[in-house]
Number of protein chains: 2
Amino acid sequence: MKNVTIKDIAREAGVSVATVSRVVNNNDTVALDLRQRVLHAIEKNGYYPNLVARGLKKDSTQTIAILIADSSSSEYFSHIIKSIENVICMDNYTLFVCNSLNEKDTELNYLNLLAEKQVDGIIVNVSGFNNEFIAKLSNNIPMVLLHRRISLPNFKGDFIDADFGGSCYELTMNLIENGHRKIGLISGPLFLSSAYDRYVNFKRAMKSIDVEVSSEYKYFYEGPFTTESGYAACERFLTMEDPPTALLIMHCDTTIGALRYFRSHQIRVPEDISFASPCNISLSDLLYVQPNYAMPDTWALGKRAGEMIMDRIKCNNEMINREVCYIPTVIYGNSVKNIHL
Amino acid sequence: MKNVTIKDIAREAGVSVATVSRVVNNNDTVALDLRQRVLHAIEKNGYYPNLVARGLKKDSTQTIAILIADSSSSEYFSHIIKSIENVICMDNYTLFVCNSLNEKDTELNYLNLLAEKQVDGIIVNVSGFNNEFIAKLSNNIPMVLLHRRISLPNFKGDFIDADFGGSCYELTMNLIENGHRKIGLISGPLFLSSAYDRYVNFKRAMKSIDVEVSSEYKYFYEGPFTTESGYAACERFLTMEDPPTALLIMHCDTTIGALRYFRSHQIRVPEDISFASPCNISLSDLLYVQPNYAMPDTWALGKRAGEMIMDRIKCNNEMINREVCYIPTVIYGNSVKNIHL
DNA sequence: TGATTTCGAGAAAACGTATTCTTAAACTTA
DNA sequence: TAAGTTTAAGAATACGTTTTCTCGAAATCA
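To start, this report covers the structure provided alongside it. Since the structure is predicted, the reported quantities are computational estimates derived from the model, not experimental observations.

Some remarks on unusual backbone geometry
Excluding glycine, residues mostly carry a negative phi; peptide bonds, for their part, are mostly trans.
All names here are of chain A.
And step 1. In this model, V269 is joined to P270 through a cis peptide bond whose omega is 5 degrees.
And step 2. Note on placement: P270 falls in the loop between α11 (252-264) and β9 (274-277).
And step 3. Positive phi, close to 60 degrees, is recorded for Q118, a residue that is not glycine.
And step 4. Within the secondary structure layout, Q118 lies in the loop between α6 (104-116) and β3 (121-124).

Right under this line is the structure:
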């Protein structure tokens, strides 16, 4: 069953292919009777345009991609994805969702594939392993970086972030104000700008009580952004001779791992351990503990990311690099104990 | 900055365009020295194929789409999406994620757009409003229905489901065994096969204690699959003069709404109200209540959905309709009180 | 060696569309 | 009315591929 093409319509309506095209795109004037005949033939034969062919001709696929580590790990990215989709669908754009799994090769394969598929733009939460390649690619394909920066001079594109670093500072200061001194940090890989930024802010807060934080710091744990890593970190910290009284947990996935550790080991929050995390967890209002956490407006953030990539596409990538940062709201739950009392 | 094309490579290597194509696809024999020259030119100029052009020629875009109500409402679909992506990316397929919002027009627009974009297949959780259109479309585009069936003779495609109906029966019987008689049903729209199926199973279970369930049933609530609807249902039930002692809540979103109602009104679970839901909620192990719920293997289900659509694509949609059903595991938490005690 | 087959690679057509180019007709103006 | 101008629509080209067709050369066989 062959699809009906513009040629079939032209034949049926007794006009040229060009005329049909003009009617379909109605961007050019065509006589009323011809237009009627064409529209009738379209209706009758159920014709619809082939956007692949149009894409080839017009050099635009009306497609953008989001490339992230794991679209299902938390509600955070689900919301951003939905929000981006909601923006771009206005212009009949559709969204490829691609998972890099934080793996060098997977990310690289996807970047190549997306380039080959001629996507009009890419929103990417970089793994950090292909930054040179991405910087180069950004000169050909409009790009928006999500949360993780690329500090290379030849990168061309926008950067959209939420100030989780600032939230880290605020949450850590709150731990300190509640009397905590032995505060563990469950960090992500420091070569990621997002993790490093939070690390720096934690360090800055700890400096206020004259604690020097470095990778030598007794209560420092560096691991990937996974639930397993959060679990393992807690295992290490809470079996120490002199365990920390509070934890700052950098990421929602590591926080989930930590909570699982606490619950399975009957460690009460906040009686036995306090914690805070600069990330929102899905359904945090219904968890058995209400964490102290920070939450950016993911809907607004995703919307902005979508708008930024669309801007950049519309002006053919000829635009200075922009940076946007959303300030998360810090929410205080009951996961921190005041140990002065 | 024009992209380098197969022609540029041909000129550079001093061969014909056809030869370059043959090397790129290496599906045809070409002399070693020519191949070397071509490969060298490709390397030197950073050539990569234009998959839009290839798609036009080969009539295949290596793209499939998933069209669901809301990709961010629960972790359920996030996991399925990720799992599908994981399967199809093996063949260099990419996935469009599209949200119909359960709206007739939005769904219809997307279906048309996806057809125009020549996607190779569509996995769809239908809204129920465009079933005739979808059935017709299914004869041109390979389709897999997710959870919601289309009972039209001209539908062509597969159906993949999880037996939440069976779980409803089991969970309701459990409520009954725990002494409950006044059991409220928070239902979804009955014109959806998924909701209707659960309704029928609830009814069947209630029949065992001689309670007739119909839309006239005192403790019946029908509303959309949203948190707001779940909240409203609880409001209605729990302000009745003779409120139900237990609830069967059909959907994860309505369950979340219900939990929010309970918590904000200091209604204790299970002391004041018991409930069960044939759906898994994200992080249910970390909620303040452990619900009685059912959970299919979403990873396996998504994987199978991906495989089914790929099968269908590979055999050019010439295949009988298949039906697959996954049996959820029922998990008993502490959301049900035994009122015999 | 001559006839036949195999093979490798270039030429050309095709995929479905948008758009430039061209031309004939309609309209304006003096 | 003649010359110039606008306009509408068809013809033709192009987008970047794949693949069929064609043909000359090499290889096989009698």
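Overview of the nonpolar core
And step 1. Formed by 101 residues in total, the largest nonpolar core has its most connected members in M206, L247 and F262 of chain A together with L247 and F262 of chain B.
And step 2. Residues in contact with L247 of chain A, not counting those within four places in the same chain, are L175, I183, G184, I186, C234, F237, F262, I273, S274, F275 and A276 of chain A.

Topic: helix α6 (residues 104-116) of chain B
Residue and element names in this part refer to chain B.
And step 1. For α6, which comprises 13 residues, the first-to-last C-alpha distance of 18 Å matches the rise-based estimate of 18 Å (1.5 Å per residue) to within 8%.
And step 2. Those residues of α6 lying buried are E107, Y110, L111, L113, L114, A115 and E116.
And step 3. At the exit of α6 stands Q118, carrying a positive phi of roughly 65 degrees.

With respect to the sheet that holds strand β12 (residues 329-331) of chain B
Residues and elements named next belong to chain B.
And step 1. Taken in spatial order, the 6 strands make up an open sheet running β7-β6-β8-β9-β10-β12, and their pairing is mixed. Of all strands in the sheet, those bounded by a partner on one side alone are β7 (220-222) and β12. Across the sheet, the mean angle separating the axes of adjacent strands is 15 degrees when strand polarity is ignored.
And step 2. Bridge analysis of strand β6 (residues 183-187) against strand β8 (residues 246-249) gives 4 bridges, and the strand direction is parallel. Across the sheet, residue G184 finds its bridge partner in β8, namely L247.
And step 3. In the packing of helix α10 (residues 227-238) onto the sheet, the strands contacted are β6, β7 and β8, and the crossing angle to β7 comes to about 155 degrees.

Looking at the environment of L286 of chain B
And step 1. Mapped onto the fold, L286 of chain B is located in the loop between β9 (274-277) and β10 (292-295).
And step 2. Judged by relative accessible area, which is 1%, L286 of chain B ranks as buried.
And step 3. Those residues in contact with L286 of chain B that sit more than four places away from it in its chain are I256, L259, R260, R263, L287 and Y288 of chain A.

Digging into the relation of the copies chain B and chain A
And step 1. Each copy superposes on the other: chain B lies on chain A with an RMSD of 0.0 Å after a rotation of 180 degrees and an axial shift of 0.0 Å. Both copies of the chain, as the preceding transformation shows, are related through a two-fold rotation axis.

Considering the protein's contact with DNA strand D
And step 1. What surrounds DNA strand D is a group of 28 residues, the closest being T19 and A31 of chain A together with S21, R54 and K57 of chain B.
And step 2. Among all atoms of DNA strand D positioned within 4 Å of the protein, those belonging to sugar or phosphate total 65%.
And step 3. Between I6 of chain B and DNA strand D, the recorded distance is 2.8 Å, taken from a backbone N or O atom to a phosphate oxygen.
And step 4. Measuring from a phosphate oxygen of DNA strand D, one finds a side-chain N or O atom of S21 of chain B at 2.5 Å.
And step 5. Tallied by class, residues from the surface near DNA strand D come to 13 nonpolar, 7 polar and 8 charged.

Structural notes on the environment of L301 of chain A
All names here are of chain A.
And step 1. Among the structural elements, L301 can be located in helix α12 (residues 298-314).
And step 2. Spatially, the C-alpha atoms of L301 and F133 are 26 Å apart, while their sequence positions differ by 168 residues.
And step 3. Ignoring anything within four residues of it in the chain, the contact list for L301 reads Y76, I80, L146, H147, I160, D161, A162, P296 and Y326.

Points about the side chain of S83 of chain B
And step 1. Considering the arrangement of structural elements, one finds S83 of chain B in helix α5 (residues 75-88).
And step 2. Here S83 of chain B is in contact with T298, W299, G302 and K303 of chain B, once residues within four sequence places are set aside.

Description of the protein's contact with DNA strand C
And step 1. Around DNA strand C, a shell composed of 28 residues is seen, among which I6, S21 and R54 of chain A together with T19 and A31 of chain B lie nearest.
And step 2. Counting only atoms of DNA strand C within 4 Å of the protein, the fraction found in sugar and phosphate groups is 65%.
And step 3. Between a phosphate oxygen of DNA strand C and a side-chain N or O atom of T29 of chain B, the distance comes to 3.1 Å.
And step 4. The side chain of K57 of chain B places a nitrogen or oxygen atom 3.3 Å from a base nitrogen of DNA strand C.
And step 5. Where the surface near DNA strand C is concerned, the elements lending two or more residues are α1 (6-13), α2 (17-24) and α4 (51-58) of chain A together with α2 (17-24) and α4 (51-58) of chain B.
And step 6. When residues of the surface near DNA strand C are assigned to their parent elements, the largest contribution, 4 residues, is made by α4 of chain A.
And step 7. Taken together, the residues of the surface near DNA strand C sort by class into 12 nonpolar, 8 polar and 8 charged.

Concerning the interface of chain B and chain A
By a frequent convention, interface size equals the accessible area lost on bringing the separate parts together.
And step 1. Taken residue by residue, the interface counts 52 residues in chain B and 52 residues in chain A.
And step 2. Linking chain B with chain A are 4 salt bridges, by the criterion used here.
And step 3. Put simply, D70 of chain A and K82 of chain B hold a salt bridge, and the shortest N to O gap is 3.3 Å.
And step 4. Run the count over chain B and chain A and you get 23 residue pairs in polar contact (both at pLDDT 80 or more).

Reading guide: rules and limits
Residues numbered from 1 in each chain as written. Chains lettered and ligands numbered in written order. Predicted model: local features only at pLDDT ≥ 70, side-chain atom pairs only at ≥ 80, totals over all residues. Heavy atoms only, no water. Helix = DSSP H or I, 4+ residues; strand = E, 2+ residues; numbered from the N terminus. Core = buried A, V, L, I, M, F, W, Y, C linked by side-chain atoms within 4.5 Å. Buried < 20%, exposed > 50% of the residue type's maximum accessible area, 1.4 Å probe, protein only. Contact = heavy atoms within 4.5 Å. Expected span 1.5 Å × (residues − 1). Pairing = 2+ DSSP bridges. Axes fitted to C-alpha atoms, helices over the stretch in contact; angles between N-to-C directions. Least-squares fit on C-alpha atoms with pLDDT ≥ 70 in both. Near = heavy atom within 4 Å. Polar contact = N/O pair within 3.5 Å; in protein donor to acceptor, adjacent residues only side chain to side chain. Nonpolar A, V, L, I, M, F, W, Y, C, P; charged D, E, K, R; others polar. Salt bridge = Lys/Arg side-chain N within 4 Å of Asp/Glu carboxyl O.

These results come straight from atomic positions and should not be treated as a statement about function.
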